[in-house]
Amino acid sequence: MFDHDVLVIGAGLAGMRAALAASQAGVNVAVVTKVFPVRSHSNAAQGGINAALTDRGDKWEDHAYDTVKGSDYLGDQDAIEIMCKEAGSEIINMEHMGTIFNRDAEGKLGVRAFGGQRQARTFFVADFTGQALLYVLHEQVMKSGVRVYEEWFVLSLIVEGGECCGAVVMEMKTGEVHTIRAKAVIMATGGIGRVFEPSTNALICTGDGMALAYRAGAPLMDMEMIQYHPTTLKSNGALMSEAARGEGAYLINKDGDRFMKRYAPNMMELASRDVVSRSEQTEINEGRGVNGCVLLDCRHLGEKLIKEKLGQIRQLGIDFANADMIKEPVPVRPGMHYVMGGIRTNYDGLTSIPGLYAAGETACVSVHGGNRLGANSLLDTLVFGKRSGQHAAAGVKSKQHAAGVTDAYSEAEKKKIQAILDRPADGGELFGKVRQELGETMNKYLAVFRDQQGMETAQRKVKELRMRYEKVIVHDKGRTFNTNLIFTLELGFMFDCAETVIVGALERKESRGAHTRTDMPKRDDANWLKHVVQFRTPEGPRIEDQPVKITQWQPQVRSY
Amino acid sequence: MTMDVTLNVKRYNPDAAKPASYNQEYRIDLEDGSSLLDGLIKVREEMDGTLALRCSCRSAICGSCAMRVNGRAVLACNTKMKDVMPKDGSPVKVEPAGNMGVVKDLIVNFDVFWGKIKAVKPWLQPEGPVPQGEYLAPNEAMLHLAGVMGCIMCGACVSDCTVLEVDKNFLGPAALAKAYRFVGDPRDAHEKDRLKDLTKYGGMWDCTRCMQCVQVCPKGVDPMGRIMKMRDKALAAGYNNTYGARHALAFTDLVRHGGHLDELRLPIKTFGIFNVKEMLKLAPIGMRSQMVGKVPPLFPKPIPGIQNVRRIFEKVEAKR
Ligand SMILES: Cc1cc2nc3c(=O)[nH]c(=O)nc-3n(C[C@H](O)[C@H](O)[C@H](O)COP(=O)(O)OP(=O)(O)OC[C@H]3O[C@@H](n4cnc5c(N)ncnc54)[C@H](O)[C@@H]3O)c2cc1C
Ligand code: SF4
Ligand code: SF4
Ligand code: FES
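We now turn to the structure provided with this report. Since this is a predicted model, take the numbers as computed values, not measurements. (Residues numbered from 1 in each chain as written. Chains lettered and ligands numbered in written order. Predicted model: local features only at pLDDT ≥ 70, side-chain atom pairs only at ≥ 80, totals over all residues. Heavy atoms only, no water.)

1. Side note on the packing of aromatic side chains
- Applying the stated criterion to the full structure yields 13 aromatic pairs over all chains.
- Seen from their ring centres, A:Phe196 and A:Tyr228 are 6.3 Å apart, and the 80° between their planes marks the pair as edge-to-face. Note that A:Phe196 is positioned in the loop between strand S9 (177–187) and helix H5 (208–216) and A:Tyr228 in strand S11 (residues 226–232), a separation of 32 residues in sequence. Residue A:Phe196 shares its accessibility class with A:Tyr228, and that shared class is buried.
- Measuring from centroid to centroid gives 5.5 Å for A:Phe431 and A:Phe487, while their planes differ by 45°, and the two rings are tilted. One end of the pair, A:Phe431, is in helix H13 (residues 431–445); the other, A:Phe487, is in helix H15 (residues 483–507), and 56 residues separate them in sequence. Across the pair, A:Phe487 and A:Phe431 agree in class, each one buried.
- Each residue in the set A:Phe36, B:Phe110, B:Phe113 and B:Trp114 is aromatic and connected to the rest through ring pairs, giving one cluster.
- The residue whose ring lies beneath A:Lys530 is A:Trp528, and the NZ or CZ to ring-centre distance is 4.7 Å.
- The lysine or arginine in question, A:Arg542, covers the ring of A:Phe535, its NZ or CZ lying 4.4 Å from the ring centre. (Phe/Tyr/Trp six-rings, centres within 6.5 Å; stacked < 30°, edge-to-face > 60°. Helix = DSSP H or I, 4+ residues; strand = E, 2+ residues; numbered from the N terminus. Buried < 20%, exposed > 50% of the residue type's maximum accessible area, 1.4 Å probe, protein only. Lys NZ or Arg CZ within 6 Å of the ring centre and 35° of its normal.)

Shown next as structure tokens:
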């Protein structure tokens, strides 16, 4: 058994930022992560990170308003205000710690334009901003001496007397299962991308943290809000960053027409993501697409700019779509990208369970509401990662470890694992096909456009798949790096996420942000200006709602 | 369109009664444009769940999936299966990355790798008062660094580095590239200390410039180029009292003298003729060279036109 004051689960931007903040507050911190920290999915973020810097003539209030409008008025405005106010100091802090940002002619940080915002306020490093930030936090964590349990996989959370006081974790290299006792736990486990197939997300984005917290009794909020990114590749779902459009790329249909003029005449390609994705899907559905795609045209940006600022995605286009954006348009389509919902927290990261915090994509504060603005997610991870770390550290200072936490917790998990390994081989299948079918089902019925019938079909199918999942067999019976076992466990987490996405979507009887129902196409502020909150019960999710916090911006008609 | 592929995977199961490596063939059907990783994923998700490998992003950014294919380190995710299928229809040979030690199947031990990264103190060390806003820095300097920062720590270079094969003490290309990222950062105040540290045994002077790291790096990081830049900086800062630095100086001397590299005299000049211990270490390399017919002549003559070579030297030195 191991003891720490604060245990952070996840070593992406949110997790490492939280760990640094807690360790700077002088408590004993450890991080658990199922992959080496720099392999965390934050490394994939391409475009940039938003902040309104006052010395550039920008105002946090403007950033906040753009975010509120982008969220289709579902974001909580008190949290959004905090995020936008603290953005500037977080960016400068990251720069001081060593982040390489693109600069302007004076040597100051340069910005690019991003969707849904009236001002260019996205700070960036070419098209690998996430990597640049993640590596700097990793450097600082190495320097800080915070203990990092690398390639350790969290199996469950420990809750005693209503408080979260640790986790049960498997060391992947040895297969050993340990109990880690902590006075506070911060979930920073990232998104649920793989619940959809294809997705822009990495294979490790399996929603573990949401499922773990949900199983431990913390509610999930706004799970129906799934962002489809307007520019993903058809072949493997890889992302073509919004930075391309930020730098001036066009979207055209098969007739070479910049169709966004019909949907968002002011902001054109840089309207909010939900708006652009719906427009593209409409073009495709009405026969103006090209093989199920529209075209991302960068040719007029010129070779120099593309090589300097979009080099990585140019290569992705060459590798996975056989198209060099310098010479030809790249076929793209809306693809699953981000989950706005997650573990419900307040703006200090605290969930409904004392001692349990959440930050980053796994949390729902909520600052993104019905639709996240591009480059606001990295900001969310840093600001609320930091706040959770600080708040958790302050809370543990005068606290004792829960006495009841013993190795009995890890013994119980070992038994569960053994039961999976011991399943009879006959009639069972490997997890792969089940995962694939789950993802395809979600992607078919819970995509850009949804309707009652489709969502009910999805619910039925997911139930069937879950029954198949209960019989899935694990070929590998060994202890060392039993990835077969880990993937099987992850798939279990994915089912919890899928189920809550569907239930949330069926519950919300309107169209708002990314949740667009063809059978209920209007936003309904009178009845649905509220969050959908789900608690786990043996019979399935129990739903509550929660009012949206409005400080200064009343809902208005949303057009771009 | 699909294609029929056979993978020959080198496997190792540490949990077996008597662990030993063995090869296993998998025959799979794949979409035409598939990557090597697509193939391996298909195997482990649908055929043989016991096959272990690391992978995550599928787009050459997370650094998880370095392995050797047909003897050369690659990222499985950005390697097209078509490009590595031998023309004669023989199987694609897949092995774990080299120089790190295998844990299981295609999973290698990264402990030493991260240890070496840590050893170069990979964090920014500015001095003086912290400015209110950002540190000012020229964009070109930042763009230049971004090229190194693009390293995804995949270990492909480490896998195929020829020095690491014989000398585990060498920091290796990835850690040295990481060191350069700070040496070259205008905001860092410890360039000299860093260079001095990297002049020690196992540091920048131990690279033999074999180019392997440059060739296998999937992100164009050019570790060797960065190492050479640091050598220039180290020499300029006066850190030359090492074998490696003397090697470089001796190298220059010989080329100036004869117009080509005299590989027999180089070690003598570097280590000193009486340094038997170091000279003996080179014996195996000498013998291997002999076997492949690459032994340098005993008494090399200056090349024709040596005057021109010397003139180039004068010009370069005048510029410095
Ligand atoms: C391709 C792409 C591009 C993007 N571009 C941008 C952009 O330009 N700007 C922007 O703002 N946002 C962008 N986003 C979104 C943004 O990158 C993510 O939302 C954000 O990085 C999530 O960070 P995180 O810290 O919450 O989680 P992650 O970085 O995903 O980290 C999750 C961590 O949790 C750990 N973990 C998970 N489960 C377990 C478990 N069971 N046991 C132990 N550890 C576990 C993992 O090991 C990992 O360390 C992009 C997303 C994608 C997919
Ligand atoms: S050039 Fe140097 S660092 Fe690179 S592989 Fe060769 S010996 Fe190793
Ligand atoms: S230098 Fe290149 S090959 Fe080496 S670890 Fe970095 S990205 Fe991989
Ligand atoms: S899977 Fe991430 S680099 Fe290959």
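Back to the write-up after that little detour.
2. Concerning the site of ligand 2
All names here are of chain B.
- Taken together, 14 residues surround ligand 2, and among them Cys161, Cys207, Cys210, Met211 and Cys213 come closest.
- Only helix H6 (162–166), helix H9 (212–216) and helix H10 (223–236) provide two or more residues apiece to the shell around ligand 2.
- Its residues assigned to classes, the shell around ligand 2 comprises ten nonpolar, three polar and one charged. (Near = heavy atom within 4 Å. Nonpolar A, V, L, I, M, F, W, Y, C, P; charged D, E, K, R; others polar.)

3. Quick word on the sheet that holds strand S21 (residues 542–547) of chain A
Residues and elements named next belong to chain A.
- Spatial ordering of the open sheet is given by S17-S15-S10-S20-S21, a layout of five strands whose pairing is mixed. What marks the edges here is a single partner per strand, and that holds for strand S17 (363–364) and S21.
- Two elements, strand S15 (residues 342–344) and S17, share two bridges in a ladder whose sense is parallel. If you follow Arg344 over to S17, its bridge partner there is Cys364.
- Sheet strands touched by H5: strand S10 (220–221), S15 and strand S20 (530–535). Its angle to S15, the strand with the most contacts, is close to 40°.
- Each of S10, S20 and S21 touches H15; the most contacted strand, S20, lies at about 140° to it. (Pairing = 2+ DSSP bridges. Contact = heavy atoms within 4.5 Å. Axes fitted to C-alpha atoms, helices over the stretch in contact; angles between N-to-C directions.)

4. Some words on the environment of B:Gln24
Residues and elements named next belong to chain B.
- Among the structural elements, Gln24 can be located in strand S2 (residues 21–31).
- Overall, the relative accessible area of 25% leaves Gln24 in the partly exposed class.
- Taking C-alpha positions, Gln24 is 5.3 Å from Val9, a pair spaced 15 residues apart along the chain.
- When sequence neighbours within four positions are dropped, the list of residues in contact with Gln24 reads Leu7, Asn8, Val9, Arg11 and Asp48.
- In this structure the side chain of Gln24 is engaged in a polar contact, spanning 3.0 Å, whose partner is the side chain of Arg11.
- Reaching out from Gln24, the side chain makes a polar contact with the side chain of Tyr26 at a distance of 3.4 Å. (Polar contact = N/O pair within 3.5 Å; in protein donor to acceptor, adjacent residues only side chain to side chain.)

5. Observations concerning the site of ligand 3
- Around ligand 3 sit 13 residues, and of these B:Cys151, B:Cys154, B:Gly155, B:Cys157 and B:Cys217 come closest.
- Residues of the shell around ligand 3, tallied by class, amount to eleven nonpolar, one polar and one charged.

6. Regarding the side chain of A:Arg387
Residue and element names in this part refer to chain A.
- Relative to the helices and strands, Arg387 resides in helix H11 (residues 377–396).
- Under the relative-accessibility criterion, Arg387 is labelled buried at 15%.
- If sequence neighbours within four positions are ignored, Arg387 has contacts with Ile82, Glu86, Tyr347 and Asp348.

7. Notes on the packing of helix H2 (residues 60–70) of chain A against helix H3 (residues 77–97) of chain A
Residue and element names in this part refer to chain A.
- One way to put it is that H2 packs onto H3 with a least axis distance of 9 Å and a crossing angle of 135°. The angle between H2 and H3 falls in the class oblique. The handedness of the crossing between H2 and H3 is right-handed. For the pair H2 and H3, contact is made by Trp60, His63, Ala64, Thr67 and Val68 and by Gln77, Ile80, Glu81, Met83, Cys84 and Lys85, respectively.
- Per-class residue counts for the contact of H2 with H3 are six nonpolar, three polar and two charged. (Parallel < 35°, antiparallel > 145°, perpendicular 65-115°, else oblique. Left-handed = near helix turned anticlockwise from the far one by under 90°.)

8. Thoughts on the packing of helix H4 (residues 139–149) of chain B against helix H7 (residues 173–183) of chain B
Residues and elements named next belong to chain B.
- The contact between H4 and H7 brings their axes to 9 Å, and the two run at 160°. With respect to H7, the element H4 is oriented roughly antiparallel. In this structure, H4 crosses over H7, and the sense of that crossing is left-handed. Across from His144, Leu145, Val148 and Met149 in H4, the residues of H7 making contact are Ala177, Tyr180 and Arg181.
- By residue class, the composition of the contact of H4 with H7 is five nonpolar, one polar and one charged.

9. Re the layout of surface pockets
- Of the volumes computed, that of the second largest pocket is approximately 1300 Å³.
- Looking at the lining of the second largest pocket, the elements with two or more residues in it are helix H10 (311–321) and H13 of chain A together with S2, helix H1 (36–47) and helix H2 (81–84) of chain B. (1 Å grid on protein atoms, 1.4 Å probe; cavity = no way out; pocket = protein on both sides within 12 Å on 5 of 7 lines; lining within 4 Å. Points joined across faces, edges and corners; volume = space filled by probe spheres on them.)

10. Observations concerning the pairing of S11(A)
Residue and element names in this part refer to chain A.
- S11 sits mainly inside the fold: seven of its seven residues count as buried.
- Direction of pairing for S11 relative to strand S14 (residues 330–339): antiparallel, over a ladder of five bridges. Counterpart to Thr232 in the pairing with S14 is Arg333.

11. Quick word on the interface of chain A and chain B
- With 60 residues of chain A at the interface, the matching set in chain B holds 63 residues.
- Taken over both partners, the interface formed by chain A and chain B buries close to 5000 Å², and the fraction arising from carbon and sulfur atoms is 55%.
- We note a salt bridge from B:Glu45 to A:Arg435, for which the minimum N-O separation is 3.0 Å.
- In this assembly, chain A and chain B are joined by 35 residue pairs in polar contact (both at pLDDT 80 or more).
- For the side of chain A that touches chain B, the secondary-structure elements that each account for two or more residues are H3, helix H4 (129–144), H10, H13 and H15 of chain A.
- Sort the elements by how many residues they give to the side of chain A that touches chain B and H4(A) lands first, with eight residues.
- Of the residues belonging to the side of chain A that touches chain B, the class tally is 22 nonpolar, 20 polar and 18 charged. (Buried area = accessible area lost by both parts, 1.4 Å probe. Salt bridge = Lys/Arg side-chain N within 4 Å of Asp/Glu carboxyl O.)

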